[in-house]
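Chains, contacts and geometry: an overview
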Amino acid sequence: PFSVETVAQFLSSKLNMTIAKLDGVALLVHLKTAGNPFFIVQILRALIDDKLLIFENKHRRWAWLPEEIARHRYADNVADLMVNRLSRLPIDELGLMRLASCVGVKVQEGFLSELSELEDFEFTKAMKSLIEAGFLMHENQFLNFPHDRIHEAAYSLTDFDVRPSVHGHIAQAMIRQHGNGGDFSVFEIANHIRWSAIAEYPNEVSEKLISILMEAATLARNAGAVRQACDYLTSATAVLTCQPDGGGFAFSVKWLATECYLSLAELDKAESLIGQCFAEARSDEDRASTYRLLATLKTLRSDHEGAICAALTGLDLVGSALKRKPDDHDLDEIYDSIRSLIGSRSITDLHALPRMTDPRVEVTMELLTTLLSSFFTHDGLGFLHLAKMVELTLIHGTSSSSCYGLAWFGVRIASRYEEYEYGHAFVQLALDIGEQRGYEAGRPSSHLALDQVSPWTLPLDFAKEQAMKAFEIGSQGGDVVMACYAVAHIAADMLVMGETLPIVLDELERGMRFV
């Protein structure tokens, strides 16, 4: 905040007067604004609006009566002052401020003109007046609010019960421009849909609404903003309820919402949606994908055999049945098959594998990841499902699920065949492919696998660092299952490294609170 002396200097520069002549006014302004620079500017503008600060053309100077300024009833805070100033605007200017504030802190000039439905000359006149008054700034075809307080005050002038209709009007205009190559982001449009009254949209736009909300939810989920993704999906569900024409999206909306609730460990919500997913499923792939969700749910509840059963049922649906209890011959056979598929290539050569394009194989890969529970059964399925994932990756290319398969296959071959460096190379391949191709969902499992395989070839400090990365990324919404397992791995590393027991206990207690 400005001191009284700094306020006097500020007023001196703005009014082109000596500091000595401004002491009294500076004290009054400081008393009212507590030295807030933005509030000071708004007080000055209010004094000019109320003709308490007048420019005398004859003497080319500003004039005022200190006693009148002292008696003037100011707003108690900058927000109230802004509301008072805005409320006095002419109707066209006030309407533009309300509309612009509903769009956001920044709005395209042409878009605001379209929304306002003013004639061009009316819009230009109102906009020019608002810019001169300091309520808006013009920059590269955009109108910006100079300060958040101005935006907040303008938005407050639109009644709460009217806002949903205004946001719906804005959303539909954005959708029209988006379809014609407009540069609104999917998040901008989705947010206005969220803030609008879903029941007021015409039926013919329901599919477009759901499509935008689904795209925004997917992007948010992939970026780790899972709670935000749930908000978009709640709005998509509301569209499905109000708009029967959006029924073709029912499975996709419910499926993605279930996955998000699993990531947030809101298991009861996820369980209630899984039954709805089965009811809305239209193909074997849909049903198989839902079994993946069921397997994940059972894993999070430590029902390992139930998770395995759900995953194997899903794999049967897509024609990729796995033996429940493979023997050593089965495991050696598929390992030899993988070595044969790799041939003379090095592991680093596998960076050139194409991306997977077969949706059915992608569903199979996603189902195979849920057989993580087989790590606790010690009957060969743990190795077999990972080897199957590597085999499918070598044949069909990479997907996000490949990171889990490649990484943990590396761990298993290091253990089973004493192929320590070869195993480490597979884990590193998983990390590299994940980073290069944006497979964010695979990062927690890859780091945790590196924690497991690296002690054969690297110091334990490195291993613990990988487990901590797995927890950090997974706990932020990337993979809650791996984050939970990482808790145990971090503590195990600390014990083996000889860390003092109270410190290990603190780490375990912190992890258990998350679990």
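Just so it is clear, the structure is predicted and the values come from calculations on it, not from any experiment.

Taken as a whole, this structure holds 13 aromatic pairs when the rule is applied. Centroid distance Phe187 to Tyr232: 6.2 Å. Interplanar angle 35°. Geometry classified as tilted. Within this pair, whereas Phe187 is found in helix α11 (residues 186-194), its partner Tyr232 is found in helix α13 (residues 226-242), the two being separated by 45 residues in sequence. Ring centres 5.2 Å apart and planes at 80° place the aromatic pair Tyr422 and Phe426 in the edge-to-face group. Separated by four residues within a single helix, Tyr422 and Phe426 lie in helix α22 (residues 420-437), roughly one turn from each other. A relative accessible area of 17% places Tyr422 in the buried class. Chaining the aromatic ring pairs together yields one cluster made of Tyr335, Phe383, Phe409, Tyr417, Tyr422 and Phe426. Sitting over the face of the ring of Phe142, Lys106 holds its NZ or CZ atom 4.5 Å from the ring centroid. When the ring centre of Phe375 is taken as reference, the NZ or CZ atom of Arg412 above it lies at 4.8 Å.

As a rule of thumb, soluble globular proteins bury nonpolar side chains together. Counting 146 residues, the largest nonpolar core has Met97, Ile193, Trp408 and Phe409 as the members making the most contacts within it. For this core, the leading source of residues is helix α25 (residues 480-496), giving 10 residues. Dropping the residues within four chain positions of it, Met97 is found in contact with Leu86, Leu89, Leu130, Phe135, Leu136, Phe145, Ile150 and Ala154. Val7, Ala26, Ile43 and Leu81 belong to the second-largest nonpolar core, a separate cluster that totals 20 residues.

Even without a glycine there, the phi angle at His378 is positive, about 55°. Within the secondary structure layout, His378 lies in the loop between α19 (359-369) and α20 (381-396). Among the residues examined, His378 registers a relative accessible area of 71% and is labelled exposed. Of note in the backbone geometry, Glu418 takes a positive phi value of approximately 55° without being a glycine.

In this section: the side chain of Ser289. Among the secondary structure elements, Ser289 is positioned in helix α16 (residues 284-300). Look at Ser289 and you get buried, because its relative accessible area is 10%. Each residue touching Ser289, except ones within four places of it in the same chain, is listed here: Trp255 and Val363.

Next up on the list: the pattern of salt bridges. Scanning the entire structure with this criterion turns up 22 salt bridges. A salt bridge links Arg176 to Glu114; the shortest N-O distance between them is 3.8 Å. You can see Arg176 sitting in helix α10 (residues 163-179) and its partner Glu114 sitting in helix α7 (residues 109-116), a full 62 residues away along the chain. Owing to a relative accessible area of 45%, Arg176 belongs among the partly exposed residues under this scheme. The class of Glu114 is partly exposed, set by a relative accessible area of 36%. Measuring nitrogen to oxygen at the nearest pair gives 3.0 Å for the salt bridge that ties Arg301 to Asp268.

Procedures and definitions
Residues numbered from 1 in each chain as written. Predicted model: local features only at pLDDT ≥ 70, side-chain atom pairs only at ≥ 80, totals over all residues. Heavy atoms only, no water. Phe/Tyr/Trp six-rings, centres within 6.5 Å; stacked < 30°, edge-to-face > 60°. Helix = DSSP H or I, 4+ residues; strand = E, 2+ residues; numbered from the N terminus. Buried < 20%, exposed > 50% of the residue type's maximum accessible area, 1.4 Å probe, protein only. Lys NZ or Arg CZ within 6 Å of the ring centre and 35° of its normal. Core = buried A, V, L, I, M, F, W, Y, C linked by side-chain atoms within 4.5 Å. Contact = heavy atoms within 4.5 Å. Salt bridge = Lys/Arg side-chain N within 4 Å of Asp/Glu carboxyl O.

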